[in-house]
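A look at the structure
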Amino acid sequence: MTNHSTFSPHDSARENIVTFPHTGDALGHGASAAIDGHGLAGIPEGFTLCYDGIYEFRPGDDDDLVPVQICSPVVVIGRCRTATGHGWGRVVSMQDPEGNWHELVLEGRQLSQSPNVALAPLFDLGLELAPARKAAESVMLLLRSWQLEAVYLRCNRVGWTSDAHDAFVLGNGRVIGHALVMTDSVPDDMKAAINTQGTLDAWKNEVAARCVGNPLMMLAVSHAFSGPLLSILGQTGGGFHLRGKSSRGKSTIQYVASSVWGAPGLLQSWNGTLSGLEGVAAACNDTLLNLEELHNADPRTVGETVYMLGNGKGRSRAKANGKLQSAQQWRVPILSSGEVTLEEHMKTAGRKMFAGQAVRLINLEADCRVHGAFDDLHGADGGSAFVKRLDQASLENYGHAGPLFVERVMGTREKKKNWQTFIDKFCRDMAKREDLSPSDGQARRVLKRFAIAALAGELATKAGLTGWPAGAARAAAGKMFRDWFKAEEGVTNAEIDTSVQRTRDYIAKHHDRFQMIGTEDNPPVDGWRDEPWVYIRTECWQKIHAPNNPGEVARLHADGGFLKTQKSGGFQVRMGRQIEGRPWTYAVNAAKLREMGEPEE
């Protein structure tokens, strides 16, 4: 290496101060922060840092101390620990042979190991030893002796560092806010993707602008902005699954969503182990978890994985000493894609999808719009040309909007109540417009996910990050919720009222066909009754509601609170032992029927 240092061979061992060039990227973020106006903070006596590496002052031929290079540039910028006071170590910044700076954690226990073992992580990142006698031992002495007062919070995930929401760490190590934070668990491929390219203006003009007129893509980008809001609003993770045929635009929408935070490489695969996906989710905490090709997931366990990703907590695992290690945690919006729905994929392994999984990964059809996943091609000559243009724009411009949105949220987090009001109003307006039943809890949970995305999109627009017209994100979220509600055949108040009215009219007109339990006043032709319930025989129920599906009608009654159901979710109950044969019946709430008023003639 060429020595560009400012010392001469006659400098004393105490003169370990070096002048650094005034270029913004001369050192890593942490290394720059460790340098005060007089030199490197805390560097042990007998060592100095020059532009080409670390030098140790060693006795020369005439017993004068002379500088001898021992390694390439390396700086200890602080100590670190977890929030619970464990995991102590050194935060080290070092330069690789190409001039790039890297920060990593050197475990405290590593400092007691042999140089070859302890320095292995640094060697992997490009640390080079000089051809000096016992250079490795000298580097170890430097690292052990370099003591600083600065203590970094060591995190195993990115995102907000505390419930105060005053500091946010990105996967590339950048910290937004005033805090010393170090995260060392982000996979290398994702760390490389959490970067910036191009400019925000170019992203707005070439990427975000093409979301206008394309509600599915605008919803996905709005959803990508929602990550920093979840923790502040006390909301759990979850998101949307884009189901559609190949080459219809699903991946392009995911690339566009990823560009809010970084490069297309942020798009990960469902093809991974449960523990691997835990690490990916933690690395995406408070940003966006983007997964493609659902069919690559194991259909036997994918339902459990969806629960885990939405709930935000990994499995507890034992350490080598038998004690439990802390489970990884996260809170992240999810964007998924595949040629099959979650329900279809689980069925291939004989698994049933439950409502909790459906609301954590909301299915959206992504190949039935005017041009596959798109409605407006913005002048492009066909869908393929539009996709190609978007893919290229997302590859050239990314990573600006997300961090700027964090800064905006951090500076306005006192408006949390206003944000909650927006969500509540969105849900009320949509529920009223779609005549959504108050008892349809699944649809209302789904609706809130759309509302959060709408809020994020509108806040990003107000912050000048999208270039969209005010109200566009809200309108897109509303349009996509209506499409989802229609596709899922969600329950409306009118549907419940119509089916229940048929039941009430029949009972009122044929009251004498239901026997009061404990008496022989009427023959139980159609069923039985007591004060709170009317028990309708199966064949009578089918006659009342023909030609409608009796199970679907029962579900409507249950959604409206008119039907007694089993704990397992079944719609029929067995009669008591006083009824011969204990037949299965539909038990309808008589009191609620009376509250409906007079029956129709």
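As shown above, the structure is provided for reference.
In this report, we go over the structure that sits alongside the text. These numbers come from a predicted model, not from an experiment.

All right, on to helix H18 (residues 472-487) then. Between its first and last C-alpha, H18 extends 23 Å over 16 residues, near the 22 Å set by a 1.5 Å rise per residue. The secondary structure elements touched by the buried residues of H18 are helix H7 (215-225), strand E20 (361-365), helix H16 (416-433) and helix H17 (441-462). At the C-terminal side of H18, Glu-489 shows a positive phi close to 55 degrees.

This paragraph deals with the environment of Arg-109. Topologically, Arg-109 is positioned in the loop between strand E8 (101-107) and helix H2 (115-118). Along the sequence, Arg-109 and Trp-88 sit 21 residues apart, while their C-alpha atoms lie 8.5 Å from each other.

Attention now goes to the pairing of strand E14 (residues 238-243). With respect to burial, E14 is a largely interior element, six of its six residues being buried. As judged from the six bridges shared by E14 and strand E19 (residues 333-338), these two strands associate in the parallel manner. For Phe-240, the partnering residue across the bridge sits in E19 and is Leu-335. Bridge count between E14 and E20: five bridges; the pairing is parallel. Residue pairing across strands places His-241 opposite Asn-363, the latter belonging to E20.

To continue, consider the sheet that holds strand E11 (residues 167-169). The strands making up a sheet associate through hydrogen bonds between their backbones, and the pairing can be parallel or antiparallel. With respect to topology, three strands assemble into an open sheet ordered E10-E11-E12, the strand pairing being antiparallel. At either end of the open sheet lies a strand with only one pairing partner, and these are strand E10 (159-160) and strand E12 (175-177). Looking at chain direction, E10 and E11 are connected through two bridges and run antiparallel. From the neighbouring strand, Gly-159 faces E11, where its bridge partner is Val-169. Those strands touched by helix H15 (residues 401-412) are E10, E11 and E12, and its axis lies near 25 degrees from that of E12.

Rules used in this analysis
- Residues numbered from 1 in each chain as written.
- Predicted model: local features only at pLDDT ≥ 70, side-chain atom pairs only at ≥ 80, totals over all residues.
- Heavy atoms only, no water.
- Helix = DSSP H or I, 4+ residues; strand = E, 2+ residues; numbered from the N terminus.
- Expected span 1.5 Å × (residues − 1).
- Contact = heavy atoms within 4.5 Å.
- Buried < 20%, exposed > 50% of the residue type's maximum accessible area, 1.4 Å probe, protein only.
- Pairing = 2+ DSSP bridges.
- Axes fitted to C-alpha atoms, helices over the stretch in contact; angles between N-to-C directions.

None of this, on its own, says anything about what the molecule does.
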